[in-house]
Structures are given as structure tokens and as C-alpha cells.
Amino acid sequence: MKVAVVGATGLVGEVMLKVLAERNFPVSELIPVASERSIGKLITYKGKDYKVVGMQDAINLKPNIALFSAGGGTSLEWAPKFAEAGITVIDNSSAWRMDQSKQLVVPEINAHHLTSEDKIIANPNCSTIQMVVALAPLHKKYKIKRIVVSTYQSITGTGVKAVKQLENELAGIKGEMAYPYPIHQNAIPHCDVFEENGYTKEEMKLVRETQKILDDRTIAVTATAVRIPTSGGHSESVNVEFENDFDISEVKQLLNASDGIVVQDNIDVNTYPMPIYANGKDDVFVGRIRRDGSQPNTLNMWIVSDNLRKGAATNTIQIAEYLLESKLL
Ligand code: 2RA
């Protein structure tokens, strides 16, 4: 399998290479792709050096699949060109997610909708992925009516510039700012840009993508996305109201029995999910599961996952694995 990784020198691209190797994805030839300034750089994959190439050269090398994490603009311009050349694209940007003709895929939930016609497949936003992985089995059983979510997002979601900003702040160095304010000892309620309605794009992704992935436009969602100075993963406080009542122990059994979920929930011994433990892992960790006594059929939960792995690279590669296993590649 000839695999192109587009954005190979970025944070997500680097994790994609790590996960491809860890999961022994059948890469016969790696084609690392990046912007002009990185062309010619060497990327080592499984002990072998590969030269970074530009976009058109990557197409000319005829990969079977291209894993994109290079921003929406690059994806809007180049994903169709890769697809026209017969190359299946799995894209991590928001460019195609809400396109009615494109699948927005979390393998545990809706990979079965994929066909060989899908040549550009959208990988959902990291904060959406971890939430729908945890909520999908509960939606199936109890039917979700409304979700109120607050996120506490890792600086790695913004990229290298944000990681550098926090490093500089901790070292007392004045440097380039990824955020409008210092991130050290701060919480910034501003992830991505603001839309007309006063919500950020990040918050609206949680609304729109959740409805698309769960295939239910009746689900009401409202979100507040906050950036905090952590780097191990995104955390989410989720309040979810169902159409039907539930039993908390049954909820925990359902979650424990679901692919990709690890329930960490025992307050007697201070057991609950945290980014420092989710870091570098592929699971979605769920804890603090408790009934919300303020209204019927409602519970609270705390969801943590590594945004660079299940939130981006691993979900992308799990989609590629599904395509391979289903002979859609
Ligand atoms: C963020 N989810 O965390 C967005 C993009 N990775 O900034």
C-alpha cells in the first residue's frame, strides 16, 4: 500500500507516522508531503528515510491513499485533485465535514456507510470524536434529546506555535503568540474564530458534526470550548438529556462494552479520566458518570482523550484500516 501523509511535518502528521508504524499498517512505500519550504527534508519511517515531496509530485507517485492534515485551504484545493487521480483521501481539516456528499466518519459509529465511491472522506474534529464515541452507544439505547458540553482543550489542538508559546511563557521568554492572551495559568474561552451567532467555529463543530455523525438532526447541542495549558488531550464535561430514563449501572456496562471506550469511574479511590493519563493512548476515557437530579432522564459525564491520536491520527488510520478490511481500497 503506497501511503501519502500530507502535512507530514506537522503535529498530527508526525503522530500519523507513529500510529501507522505502531498498528503495522501495510505501508509498502511512504510518501511524506508538505509545503514548499519542507520539500527535500528527510522523514524516517520504520528505519528508512523518505524525502518530503510537494503535492503534484505526490499525485504523480500514485499512492493508494492520502492521509491529509494540512489545513482547510490546502485540502479544498488538493483533495479533489488526489481523488480525480484515483487516490482515496482521508482529510483531517474541516473543509469537507459538512459537505452533504462526503462521509464524516468515526469507525465505531458509522464506517459501515462507506463505499468505494467515497474518494474524499472527512475525519471529524477531535473534540467531536471523543464525545460521539462516548455518546453513540447511549444514544442507541436511550435516544439523546439534548447535549450541553464544555470543553477543556489541549494546546496541541492549535499546533506547534501554541506549544512554543506555553514553553516560552514557562521560561519567561517573550515570543510569538498563538493566542490573543497568555495561556500559562489561564483558560481562554476562544477556540478557532467567532461566528455571527457569538459561538466559535469549534463550538459549532460540536453541534453540527454530532448531528451528522449520529444521523439525527433532532439532537439539540450547545457548547462552550475553552483552551487550557495542558498538552495530553482534550477533556469535556457533558450533560446529556435522553428521551428515555436509564439506570446508571446499565450506562456504565454499556460504555464498558463499547469499542474504544474505557470507563474510569470510582470516586472512592479518586479514579477518573485525566489528560496526563490519556496522553499517547487511543481510547476515549469516561468517568464522573452521575445522574443530574435537576431534571429527568439526564446525566453528567467527564470525557477525556488524546486529541492528536483518537482525535485525529488514530481515527484517520482506523478509517483506512476499515477501507482495507472492507476491500474498498
Ligand atoms: C483545536 N479541535 O483543538 C481544534 C483543531 N485541532 O484547536
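Cut-offs and rules
- Residues numbered from 1 in each chain as written.
- Predicted model: local features only at pLDDT ≥ 70, side-chain atom pairs only at ≥ 80, totals over all residues.
- Heavy atoms only, no water.
- Core = buried A, V, L, I, M, F, W, Y, C linked by side-chain atoms within 4.5 Å.
- Buried < 20%, exposed > 50% of the residue type's maximum accessible area, 1.4 Å probe, protein only.
- Helix = DSSP H or I, 4+ residues; strand = E, 2+ residues; numbered from the N terminus.
- Domains from an automatic or database assignment.
- Contact = heavy atoms within 4.5 Å.
- UniProt positions renumbered as here; feature names shortened; annotations may be inferred.
- Lys, Arg positive; Asp, Glu negative; His and termini not counted.
- Salt bridge = Lys/Arg side-chain N within 4 Å of Asp/Glu carboxyl O.
- Polar contact = N/O pair within 3.5 Å; in protein donor to acceptor, adjacent residues only side chain to side chain.
- Buried area = accessible area lost by both parts, 1.4 Å probe.
- Nonpolar A, V, L, I, M, F, W, Y, C, P; charged D, E, K, R; others polar.

J.: I keep staring at the nonpolar core and nothing clicks. Help me out?
T.: Note that soluble globular proteins tend to have their nonpolar side chains buried in a common cluster. Formed by 56 residues in total, the largest nonpolar core has its most connected members in Phe82, Ile147 and Met301. By residue number, the principal contributor to this core is helix α5 (residues 126-142), which donates 9 residues. Mapped onto the domain boundaries, this core takes at least three residues apiece from domain 1 (2-124 + 312-325) and domain 2 (127-307). Excluding residues that lie within four positions of it along the chain, Ile147 makes contacts with Met131, Leu135, Thr210, Ile219, Ala220, Val221, Thr222, Val238, Asn239 and Val240.

J.: Would you mind showing me how to read the UniProt feature "active site" (unreviewed entry) in the chain here?
T.: Per the UniProt record, "active site" (unreviewed entry) is found at Cys126 and His234. A maximum C-alpha distance of 8.1 Å is found for the annotated residues, which run over 109 residues; spatially they form one tight group. Relative to the helices and strands, Cys126 is located in helix α5. What makes Cys126 buried here is its relative accessible area of 12%. Ignoring any residue separated from it by four or fewer positions in sequence, one finds Cys126 in contact with His234, Asn307 and Gly311.

J.: Please clarify how the side chain of Glu169 should be interpreted in this entry.
T.: On the secondary structure map, Glu169 appears in helix α6 (residues 160-171). Buried within the structure, Glu169 lacks any salt-bridge partner; its nearest side chain of opposite charge belongs to Lys174, at an N-O separation of 8.0 Å. A polar contact of 2.7 Å, which involves the side chain of Glu169, links it to the side chain of Gln165. Beyond its immediate sequence surroundings of up to four residues, Glu169 is in contact with Met177, Tyr181, Pro182, Ile183 and His184.

J.: Looking at this model, I keep getting lost on the domain arrangement of the chain. Mind explaining?
T.: A common measure of how large an interface is: the accessible area buried when the components associate. Taken domain by domain, the chain holds domain 1 (2-124 + 312-325) and domain 2 (127-307). The distance between the C-alpha centroids of domain 1 and domain 2 comes to 25 Å. With 18 residues of domain 1 in contact, the opposing surface of domain 2 contributes 19 residues. Summed over both partners, the interface of domain 1 with domain 2 comes to about 1,500 Å²; 66% of that surface belongs to carbon and sulfur atoms. Its largest share of buried area at the contact with domain 2, domain 1 owes to Leu11, Met98 and Ile109, together 34% of the area lost on that side. For the pair domain 1 and domain 2, the number of links is 2 salt bridges. Salt-bridge contacts for Glu209 lead to Arg97; the nearest nitrogen and oxygen are separated by 3.2 Å. Applying the counting criterion to the domain 1 and domain 2 interface returns 6 residue pairs in polar contact (both at pLDDT 80 or more). Listing elements by their share of the side of domain 1 that touches domain 2, those giving two or more residues are α4 (107-110) and α10 (309-325). Grouping the amino acids of the side of domain 1 that touches domain 2 by side-chain chemistry returns 7 nonpolar, 6 polar and 5 charged.

J.: Looking at this structure, how should I read the UniProt feature "binding site: substrate" (unreviewed entry) in the chain?
T.: In the numbering adopted here, UniProt assigns the feature "binding site: substrate" (unreviewed entry) to Gln153 and Arg227. On the basis of their most widely separated C-alpha atoms, the annotated residues across 75 residues gather in one place, lying no more than 4.7 Å apart. Note that Gln153 resides in strand β8 (residues 144-153). The buried category is assigned to Gln153, whose relative accessible area is 1%.

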